Amino acid sequence: MANGEPIFYEDDDFFYGEDLDEEEEVHTPMMIEVDTTEHFQNEKVFQDKETVIDFARRYGCTHGIVVIVKRSDLNDPNRTPRILFGYERSGGYRGTAAVKKRKTSTKKCGCPFFLKAHVVDVLTGSWKLVVVNGKHNHTLVRTFEGHSYVGRLNKEEKDTVERLSKTGVRTRDILNHIKLKDPTNASNMKTMYNVKTALRIHETAGKSHMQQLFKLLTEHGYVTMHRFETTTKIVGVTSTKKTFSVALCYMCVEKEENYIWALGCFRDLCDGVLASIFICDREIALMNALKNVFSDAKNLLYRVHISKNVLSNCVGMFRLKYDLDDFMACWSNVMRASTENEYEEVVRKMQTEFKDHPRVLSYVNNSWLFKYKTYFVAAWVDKFFHLGNTTTNRVESSHSKLNKYLSNSVGGFVQSFNKIDLLLQGQVVDIKASFEESLTRVPIRFKTYLYKELVNMVSIAASDKIEYELASVGEHCISAGICNHNTVTAFVLPCADMLSQYRSEGRSIPLTDVHNYWKKLCIQPFSEDPKDEVTIETKIEIIRRLFANANLPQKLEMKRQLQTLGKPSNTSLLEPKPKVNVRGRKKGQRG
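Residues numbered from 1 in each chain as written. Predicted model: local features only at pLDDT ≥ 70, side-chain atom pairs only at ≥ 80, totals over all residues. Heavy atoms only, no water.

Side note on the packing of aromatic side chains
The test is simple: Ring pairs are drawn from Phe, Tyr and Trp, using the six-membered ring of Trp, whenever the two centres fall within 6.5 Å, and their geometry is named by plane angle: stacked under 30 degrees, edge-to-face over 60, tilted for the rest. Here the term buried applies to any residue with accessible area under 20% of the maximum for its type, exposed to any over 50%, and partly exposed to those in between, with areas from a 1.4 Å probe on protein chains only. Only lysine NZ and arginine CZ atoms are considered, and such an atom sits over a ring when it is within 6 Å of the ring centre and within 35 degrees of the ring normal.
This structure, assessed with the given rule, holds 13 aromatic pairs. Each ring, one from Tyr517 and one from Trp518, has its centre 5.0 Å from the other, and the planes form 80 degrees; the classification is edge-to-face. One exposure class covers both Tyr517 and Trp518, and it is buried. Of note, Lys298 hangs over the ring of Tyr375, and the distance from its end group to the ring centre comes to 5.1 Å. The ring of Phe491 carries the charged tip of Lys465 above its face, separated from the ring centre by 4.5 Å.

Section: unusual backbone geometry
To keep it simple, the criterion reads: Where helices and strands are cited, they refer to DSSP runs of H or I of at least four residues and of E of at least two residues respectively, numbered from the N terminus.
Backbone geometry at Val492 places phi at a positive 50 degrees, although glycine is not the residue there. Among the secondary structure elements, Val492 is positioned in the loop between helix H18 (486-491) and helix H19 (496-505). The exposure class of Val492 is partly exposed, given its relative accessible area of 24%.

Points about the pairing of strand S15 (residues 298-301)
Selection criterion: Between any two strands, pairing holds if DSSP finds at least two bridges.
Neither face of S15 is open: one carries Lys298 and Leu300, the other Asn299 and Leu301, and all of them are buried. Pairing geometry for strand S14 (residues 277-280) and S15, over four bridges, is parallel. By the bridge assignment, Cys280 is partnered in S15 with Leu301.

Points about the packing of helix H17 (residues 460-473) against H19
So the rule is basically this: For every element, the axis is a line fit to its C-alpha atoms; helices are fit only across the contacting stretch, and the angle between N-to-C directions ranges from 0 to 180 degrees. Should an angle lie under 35 degrees it is considered roughly parallel, over 145 roughly antiparallel, and from 65 to 115 roughly perpendicular; all remaining angles are considered oblique. Contact criterion: two residues are considered in contact whenever any of their non-hydrogen atoms come within 4.5 Å of each other. As a working rule, the residues Ala, Val, Leu, Ile, Met, Phe, Trp, Tyr, Cys and Pro are called nonpolar, Asp, Glu, Lys and Arg charged, and the rest polar, with Gly in that last group.
Relative orientation of the contacting elements H17 and H19 amounts to 75 degrees, with a least axis distance of 9 Å. Here H19 runs roughly perpendicular to H17, going by the angle between their axes. Contacts between H17 and H19 involve Ile466, Glu469, Leu470, Ser472 and Val473 from the former and Ala496, Leu499, Ser500 and Arg503 from the latter. Partitioned by chemical class, the residues of the contact of H17 with H19 number five nonpolar, two polar and two charged.

Observations concerning helix H20 (residues 537-549)
Put simply, the test is: For a helix, the expected span equals 1.5 Å multiplied by the residue count minus one.
Its 13 residues place the ends of H20 19 Å apart at the C-alpha level, agreeing with the 18 Å of an ideal helix rising 1.5 Å per residue. The buried fraction of H20 amounts to zero of the 13 residues, a small share that puts the element mostly on the outside.

Looking at the pattern of salt bridges
How we decide: For this document, the term salt bridge refers to a Lys or Arg side-chain nitrogen within 4 Å of an Asp or Glu carboxyl oxygen.
Counted under the stated rule, the structure contains 12 salt bridges. A salt bridge links Asp73 to Arg79, with the nearest nitrogen and oxygen atoms 3.5 Å apart. Given a relative accessible area of 17%, Asp73 falls into the buried group. Arg79 sits in the partly exposed class, given a relative accessible area of 41%. A salt bridge links Arg82 to Asp73; the nearest nitrogen and oxygen atoms lie 2.9 Å apart. Residue Arg82 is classed as buried on the basis of its relative accessible area, which comes to 17%. Within this structure, Asp73, Arg79 and Arg82 form a network of salt bridges that share partners.

Here's the deal with the nonpolar core
Threshold: Throughout this description, the term nonpolar core refers to a set of buried Ala, Val, Leu, Ile, Met, Phe, Trp, Tyr and Cys residues connected via side-chain atoms within 4.5 Å.
Within the largest apolar cluster, 48 residues are counted, with the highest numbers of intra-cluster contacts made by Leu301, Val310, Phe327, Trp331, Met350, Trp368 and Phe376. The leading source of residues in this core is helix H12 (residues 358-376), at nine residues.

What about the sheet that holds strand S9 (residues 114-121)?
Taken together, five strands build an open sheet; the order of strands is S5-S10-S9-S7-S6 and the sheet is antiparallel. Two strands lie at the open edges of the sheet, namely strand S5 (45-46) and strand S6 (67-73), each paired on one side alone. Relative to strand S10 (residues 126-133), S9 runs antiparallel, the two sharing seven bridges. Across the sheet, the residue bridging to Ala117 is Leu129, located in S10. Across the sheet, helix H2 (residues 49-62) touches S5, S6, strand S7 (82-87), S9 and S10, and the angle it forms with S7 is around 15 degrees.

Structural notes on the confidence of the model for the protein
Short version of the rule: pLDDT: the predictor's confidence for each residue, scored from 0 to 100.
Averaged over all residues, the pLDDT of the protein is 75; the fraction at 70 or higher stands at 74%. Predicted confidence in the protein is weakest over strand S2 (residues 14-16), with a mean pLDDT of 33, and strongest over helix H11 (residues 340-353), with 93. Low pLDDT, under 50, characterises residues 1-28; the stretch is placed with 53 contacts to residues that sit more than four places away or in other chains.

Some words on the environment of Val315
By the element assignment, Val315 lies in the loop between helix H9 (303-314) and helix H10 (321-336). The spacing of Val315 and Asp325 is 10 residues in sequence and 9.6 Å in space, taken between C-alpha atoms.

Here it is in structure tokens:
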């Protein structure tokens, strides 16, 4: 007995055990017997044992028989090599008296089906199949469901599971794909999960989840930084308005010190090319961290979230809906004010029109305008080079797409990495396509002389912005006093005043008026200058000197750190422990 279950010893198609208890009933399915001898009799000679095994199995499935290898004598030098085949459910069930008395059933049906294959030519290794007993017992309903052997996947099907799993296809869809390709396939979801588990075990080869994660990150060329600590995502935008993921960070708690560490890693990753604009919600911990790490950068707030906060806090302060709508329209004008004078004028108008709602005015003034107006009002925001990005829509859109790739919260770091890597590869493909489109597109609304120097030199987004500014000029030139020049400061592109001047002088827009960002139409290495080659000889020599002068504990610690750096897949980090709900009584316990 093992864990209360009987132990059976299998030898070919015989089982040894004690007789069943008299009171125990054995239920077997209704069987009928058919003779399949004529189907298997043939004079065919098979070139090797793999071929004869494959024939027996496939031909058996054709006639409703799950053929398995019952025994093989291949390594006995005193006997001719042979293989004995039988039906998967041949033999009989024999229980033991120790089994708890209950009604049971068995899959064994006493089927006498028996084939034998033997070598006919030792030199060529050819085989021949002989029918020993072609009679076969099967159920009235001839189906392969429940036959574990038939449900197994072949090598091609396992390769399909591995390939489609890496592309993010759901397990059920993979199973449907296999069944469409082979209607006789009898696999089920359990089979698919077992195969995927076996593939993961084979891939990790004894490594922990974190070791496998660092191994994959290193092999795919990603820069990794970690420490013992919900997900933060940093995205960028190309000159063609395509969003790309700059960094992803797993954080257990959104605290200021965690943000400081994550932003510090991002700063080191940039290697001196520091970001000048950060857009976020009014999350104080993150805003403080930005001031700490990027002291010279400009922090902008997302206007849509501000409007939602204003609406949710002020909706109960108005009795009539149209009064609320008028206030929100006025608030929108405040945020879009393009100059400081216009801002002051719009604010005075708001104070006058809604003087009967002092609580509303007090909220927007104290919560937003007095302290944060420079973070979201256009009059201050447009003084910085933000390229038209004044919202977090790109981050939220990218995060939403990531959630679709992840599909659910089941799985560890390794599984999420495979899906994130697919997302990043897709971003690269989209960006390259947008660059190609910009290089082959010729604007048709520009006069040739005006756009002569810029054709196929700047992105579509830049040319569209210039065309928009040119349309605002109209047929008549505008004066410098009318133009607010925000296009120059926020986009580093020629503004309406500059375009008017170029048109009146009959000359084209100089390429120097366009920021290099808009001319970036290819993906290339960080630096192509041979002088910028990164070397570590000096640092290694310093480490050698420190190691030579260190004591034994210090040497062991330095060796450990170098080993982690040299081979990240040997990390001792462990996956975070799942959160345990300590509230309430555990299931099954009584108070």
